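# Remarks on the overall topology
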Amino acid sequence: MTMTRPETSVLGVGTTQFSRASGRSVRSLAAAAARAALDDAGLKVVDVDAVVPVGGAIFCDDLVTTLGINETVVDALPPPGGNSGVASLTIANALLRSGQAEVALIVFARNGCSETRIATRVTSLPGQQFRTFLERPHGWISPAQWYSMIARRHMAEYGTTKSAMAEVALTMRAHAQLNPAAMMFGRPLSAEQYAAAPMVTEPYQLFDCCLETDGAVAVVLSTRIRSRAGDGARDVGLLAVRSSRPESPDDLTNRKDWFDVGLTTAAALAFNDAGVGPQDVDTAMIYDCFTFEVLHQLEEAGFCPRGESDRFVHSGAIRLGGSLPVNTHGGLLSEGHLLGLSHIVEAVRQMRHEAGARQVSSARIAAVTGWGDWGDGSLALLAKSGTAA
Amino acid sequence: MSSKLLRSAEVLAPELAPYLRGCTQEMLVVPRCNQCGHYQFPPRSLCRVCGHDTFAWTQIAGRGSLYSWTTTHRVSAPEFRPITPYTVVVVSLDLPEELRMVGRLRQTGIVPDLHIGDAMTCSFETLTNGDVLAVWSPR
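Residues numbered from 1 in each chain as written. Chains lettered and ligands numbered in written order. Predicted model: local features only at pLDDT ≥ 70, side-chain atom pairs only at ≥ 80, totals over all residues. Heavy atoms only, no water.

### A word on the packing of aromatic side chains
- Going through the model one piece at a time under the given rule, you end up with 10 aromatic pairs over all chains.
- Ring centres of Trp258(A) and Tyr67(B) lie 4.8 Å apart, and the angle between their planes is 75°; this geometry places the pair in the edge-to-face category. You can see Trp258(A) sitting in the loop between strand 8 (236-244) and helix 8 (262-274) and its partner Tyr67(B) sitting in strand 3 (residues 63-72), one on each of two chains. Exposure class is identical for Trp258(A) and Tyr67(B). Each is buried.
- Their ring planes at 65° and their centres at 5.2 Å tell us that Tyr19(B) and Phe41(B) sit as a pair that is edge-to-face. (Phe/Tyr/Trp six-rings, centres within 6.5 Å; stacked < 30°, edge-to-face > 60°. Helix = DSSP H or I, 4+ residues; strand = E, 2+ residues; numbered from the N terminus. Buried < 20%, exposed > 50% of the residue type's maximum accessible area, 1.4 Å probe, protein only.)

Written as structure tokens, this is what we have:
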């Protein structure tokens, strides 16, 4: 395997507690996560010269005074939606590699359970004319309903089963039992409980759907490397990151191929940029807003052929100890919904070999996907320090 | 009774208004490009195939086949709670080119046994607020 030298590294990650009711403002959560990530990076607030706020609940100006960020800082917003966590890496990477900034702070914060229910976010998505006049009048209004439509089609075309979706939900919950920070830590889920849960929108039952969470996550990227100061072992290289869209990103119904999504093209580009392939990835953090979306993305990222995710997950591949442990933190389904930035945090912990009981042994390359808004998608590839050729 | 949905579309999304006006007259109409002749849905300001910007609104037969569906049992929006469980379908229209529409399955009180590929037919449902929706049933 040949790899290009990573030019951007993740130097620090930080989170708040993940809860149902934080009792704190979104600004306060964001500031706390940002401070934790900068401390982790060994950097100071004055070092930050780019800010990428994610998710639409927090902006750079909310942090300038609270944290003491330089007023001249560059800020850039990724579009809304579940793809924005990984898409924020593409923006930070572009700012860093172009030389416009040396230290970029990505921050997401939301009281997504106690304040703004996640479902209300759909009113800020693109293509509102289609949502308002063609879809909402019929009651087709929520991500669970959009994606269940894709899941049903996949079940019919490829024979994908509800049992494969159960395997995703049960795996995420089992992984969360090894993550004390997970909202579902200490609350295991049995196959019987999964099957007995209320139906939301067929084929999705309650445990096919992600959690809603109050909390914040921050990630610090830089073109500086700490190895010069003798502390480089915790730097995690960003080998590649790409984001893309399906052929009709504002409308699912008349998209020619429902399975050909942003990730399909983004993953091919990212693997090409990095000079590695899906077979080189040791662990993957897959954006798991619903269970079928994990199956769909395993296929489109290239971890298994299209139509074979059912067999892939039933082989035990995505469990710790399997060939591709997925969402070792528990994911959106069982750790908490932090718009996928928490997936980047977990990939960084795995690449630092700091994941404790859920560490994937001798892991050197991690993949992180983003997914949102009927098929926007992205793939980031992160590498353990010293992995670069 | 007039359709609030249509009046709102005339201001906020004029490119969709002819479709909604067709529904109030119990006609299924879709835009067909005046330059390349392709049908398109959902309606857009420019033709998806050739980029041309004028269309002839054409009545089509409300027939198609079931592309996918979901039956919703729990919904956060209060206006849809009284009708749960309800089914939303995507129908592939019987046209020379692939064109799909999303719509509610007409409620009959019986949960139908649906299969992808089932033949579907369109009818119109007038809601208590005056809006008219194109809904679908197995045929």
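### Some words on the pairing of strand 7 (residues 132-138) of chain B
Residue and element names in this part refer to chain B.
- The buried count for strand 7 comes to 6 of 7 residues, which makes it a mostly enclosed element.
- With 7 bridges connecting them, strand 6 (residues 119-126) and strand 7 associate as antiparallel partners. The partner of Met120 across the bridge, within strand 7, is Pro138.
- Here strand 6 hands over to strand 7 after 5 residues, with Gly130 in that stretch at a positive phi of 95°. (Pairing = 2+ DSSP bridges.)

### Some points on the environment of Ala169(A)
All names here are of chain A.
- When you line up the elements, Ala169 lands in helix 6 (residues 162-176).
- For Ala169, a relative accessible area of 3% gives the class buried.
- In sequence terms Ala169 and Thr291 are 122 residues apart; their C-alpha atoms lie 6.2 Å from each other.
- Not counting residues up to four positions away in its chain, the partners in contact with Ala169 are Tyr194, Phe207, Thr291 and Leu333. (Contact = heavy atoms within 4.5 Å.)

### Side note on the domain arrangement of chain B
All names here are of chain B.
- Domains assigned within chain B are domain 1 (1-60) and domain 2 (62-139).
- The centre of domain 1, based on its C-alpha atoms, is set 20 Å off from the matching centre of domain 2.
- Carbon and sulfur atoms supply 69% of the area buried between domain 1 and domain 2, which totals about 1,400 Å² over both sides.
- Considering only the side of domain 1, the residues that lose the most area to domain 2 are Leu28, Tyr39 and Phe41, jointly responsible for 35% of the buried surface there.
- The interface formed by domain 1 and domain 2 includes 0 salt bridges.
- Where domain 1 meets domain 2, there are 4 residue pairs in polar contact (both at pLDDT 80 or more).
- Going through the elements one at a time, helix 1 (4-12) and helix 2 (17-24) are the ones with two or more residues in the side of domain 1 that touches domain 2.
- Here the side of domain 1 that touches domain 2 gets 3 residues from one element, more than from any other, and that element is helix 2. (Domains from an automatic or database assignment. Buried area = accessible area lost by both parts, 1.4 Å probe. Salt bridge = Lys/Arg side-chain N within 4 Å of Asp/Glu carboxyl O. Polar contact = N/O pair within 3.5 Å; in protein donor to acceptor, adjacent residues only side chain to side chain.)

### Re the pairing of strand 5 (residues 100-104) of chain B
All names here are of chain B.
- Among the 5 residues in strand 5, 5 count as buried, and that is most of the element.
- The alternating pattern of strand 5 places Arg100, Val102 and Arg104 and Met101 and Gly103 on opposite faces, both of which are buried.
- For strand 4 (residues 86-93) and strand 5, the ladder comprises 5 bridges, and the chain directions are antiparallel. The residue bridging Val91 from the neighbouring strand is Met101, located in strand 5.
- Between the end of strand 4 and the start of strand 5, which pair antiparallel, lie 6 residues.

### As for the nonpolar core
- Grouped together as the largest cluster of nonpolar side chains are 110 residues, with contacts concentrated most on Leu298(A), Phe303(A) and Leu381(A).
- Residues in contact with Leu381(A), not counting those within four places in the same chain, are Gly237(A), Leu238(A), Leu239(A), Ala240(A), Ala270(A), Phe271(A), Ala274(A), Val276(A), Val281(A), Ile365(A), Ala366(A) and Ala367(A).
- Within the second largest apolar cluster, 33 residues are counted, among which are Phe130(A), Met101(B), Leu114(B) and Ala134(B). (Core = buried A, V, L, I, M, F, W, Y, C linked by side-chain atoms within 4.5 Å.)

### Details of the sheet that holds strand 7 (residues 214-222) of chain A
All names here are of chain A.
- Taking strand neighbours across the sheet as the criterion, the 9 strands line up as 3-2-4-7-1-8-11-10-9 in an open arrangement whose pairing is mixed. Each end of this open sheet is capped by a strand with a single partner; those strands are strand 3 (74-75) and strand 9 (283-285).
- Relative to strand 11 (residues 376-383), strand 8 runs antiparallel, the two sharing 7 bridges. Considered in strand 11, the bridge of Gly237 is made with Ala383.
- Along the sheet face, helix 8 touches strand 8, strand 10 (365-372) and strand 11 and points at about 25° away from the line of strand 11.
- Of the strands in this sheet, strand 1 (8-15), strand 2 (50-54), strand 4 (103-111), strand 7, strand 8, strand 9, strand 10 and strand 11 touch helix 12 (residues 341-352), which is tilted by about 115° from strand 1. (Axes fitted to C-alpha atoms, helices over the stretch in contact; angles between N-to-C directions.)

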